[in-house]
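Commentary on secondary and tertiary structure
Listed here are the chains, written in short residue letters.
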Amino acid sequence: MERDDEATRCNRLNWDERAGIHGQDRYYDTAGFLAGGSSLREAELSLAGDVEGRKLLHLQCHTGLDTLSWARRGAEVTGLDFSPVAVRRARELAERAGLTAAFVEGDARRLPPELHGRFDVVVATYGVFTWIDDVAAWAASAAAALRPGGRLVVVDIHPLAQMIDRADPLVVDASYANTGPQHFRSETSYADPSTPLRHQETVQWSHSLGEIVSAVAGAGLAVEALEEYLSSDRDDREQVLQQGPDGRWRLPIWPHDLPVLFGLAAVKPA
C-alpha cells in the first residue's frame, strides 16, 4: 500500500496549483456567482432539502463556490479542504461576495476535533471518493461532524463512469473497486485546458458503490436514499459523456445508458 503521506503530498501539490487557477474559467463561473448566481445542482439540492438556518459542513470544498452557494440558501456554512491555496481562495471569495463563512484547512479522513458534533448537514459533491484511500475513515469523519438527527448528502461520479477514460473507442483505465493506488498524469486541469500544470501527477483510488454505502452504514448512519442518475446537467467526464438533444449528458454503451452520477443521503440516529 502506498504511504499515505506521499500520496497526499503529491495530490496536494496538484490541487494547490489547480486552486490557484480555478475560478478564472467557464467551469467555475465566479463572475456569475458574484452577480448573484449559484453553483449548486439539482441532485444535491433535492437530497439536502431546506438548509435555511442549519449548520452545514462542506467536505473537500475546494475554492468555496458551492459552499458559499449553500450560504446563499440560508445555511451557516463551514468548508474544509486539504489545500491551503484552496482555503485562501475560498476566504477571498467569501469576502468579495459579502458572505459569512468559515474555511478550515484539514483532512476529510481525519476531521479536526473542533468540528465534531456541530453540524445539521454534511455535504460532499463531485470528485469526492477518487481522492480518498480509506472510505471508512472518511465516513467516520462525516458521521463525527453530525449532530444526532443530522444528514449526510453525497453526490459523486458513479464508479462505472469513473472507470472509463474514453467512450469512443471505449477505453477503461481504472478499476471498479479498490485495488490500491492508481497513478495518473494530466498536463492541464479539467477546468482550464489552456494552462499547463507543473505538478501533473496524482494518486487516486477506485471504490465500488457497495464499498461506499457499506462505509456509510458502518459509520453508524442510516441510509435513507441511494440514487443512480442516468443523465447529468453537466459534462462531468470529458470525452466520456455525450450530450443529447435535450442538453443533458449521458453515457451510452452498446447502446444502453450507464449511470453517470450517484446520490446518497444518510441520517445520524437521534
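Our subject is the structure that appears above.
A few points on the structure.

Our next topic: the pattern of salt bridges. For the structure on display, the rule yields 13 salt bridges. Among the salt bridges present, the one from Asp 246 reaches Arg 250, with a minimum N-O distance of 2.8 Å. With relative accessibility at 46%, the residue Asp 246 sits in the partly exposed group. One salt-bridge network, held together by shared partners, links Asp 107, Arg 109, Arg 110 and Asp 133.

The next subject is the sheet that holds strand β3 (residues 102-105). One open sheet holds the seven strands; their spatial order is β3-β2-β1-β4-β5-β14-β10, and the pairing between them is mixed. Across the chains shown, the open sheet's two edge strands, defined by having one partner strand only, are β3 and β10 (222-229). Pairs of neighbouring strands in the sheet enclose a mean axial angle of 15°, with direction left out of account. Where strand β5 (residues 146-157) lies against strand β14 (residues 261-267), seven bridges are found, and the strand directions are antiparallel. Among the inter-strand pairings, Val 153 is bridged to a residue of β14, identified as Ala 265. The strands touched by helix α6 (residues 135-145) are β1 (55-59), β4 (119-125) and β5; relative to β5, the strand with the most contacts, the crossing angle is about 140°.

What follows concerns the packing of aromatic side chains. Centre distance and the angle of the planes are the two values used to describe a pair of aromatic rings. Taken as a whole and judged by the stated rule, the model has two aromatic pairs. An angle of 85° between the planes, with centres 5.4 Å apart, marks the rings of Trp 15 and Trp 131 as edge-to-face. In this pair, Trp 15 is assigned in helix α1 (residues 4-21) and Trp 131 in the loop between β4 and α6, connecting sequence segments 116 residues apart. Note on accessibility: Trp 15 and Trp 131 belong to one class, buried. Geometrically, the ring pair formed by Phe 129 and Trp 138 is edge-to-face, given 4.9 Å between the ring centres and 70° between the ring planes. The buried category is assigned to Phe 129, whose relative accessible area is 4%. If you follow Arg 18 out to its NZ or CZ, it ends over the ring of Trp 15, 4.3 Å from the centre. The lysine or arginine in question, Arg 72, covers the ring of Phe 33, its NZ or CZ lying 4.1 Å from the ring centre.

Attention shifts here to the pairing of strand β2 (residues 76-81). The element β2 is extensively covered by neighbouring structure, given that five of its six residues are classed as buried. For the handedness criterion, the β-α-β arrangement of β1, helix α4 (residues 65-72) and β2 is classed as right-handed.

Once that is clear, we can look at the environment of Gly 64. With respect to the secondary-structure elements, Gly 64 resides in the loop between β1 and α4. Separated by 25 residues in the primary sequence, Gly 64 and Arg 89 place their C-alpha atoms 7.6 Å from one another. Excluding residues that lie within four positions of it along the chain, Gly 64 makes contacts with Ala 90, Leu 93 and Phe 103.

Reading guide: rules and limits
Residues numbered from 1 in each chain as written. Predicted model: local features only at pLDDT ≥ 70, side-chain atom pairs only at ≥ 80, totals over all residues. Heavy atoms only, no water. Salt bridge = Lys/Arg side-chain N within 4 Å of Asp/Glu carboxyl O. Buried < 20%, exposed > 50% of the residue type's maximum accessible area, 1.4 Å probe, protein only. Pairing = 2+ DSSP bridges. Helix = DSSP H or I, 4+ residues; strand = E, 2+ residues; numbered from the N terminus. Axes fitted to C-alpha atoms, helices over the stretch in contact; angles between N-to-C directions. Contact = heavy atoms within 4.5 Å. Phe/Tyr/Trp six-rings, centres within 6.5 Å; stacked < 30°, edge-to-face > 60°. Lys NZ or Arg CZ within 6 Å of the ring centre and 35° of its normal. Right-handed = clockwise from strand over helix to strand, strands pointing away.

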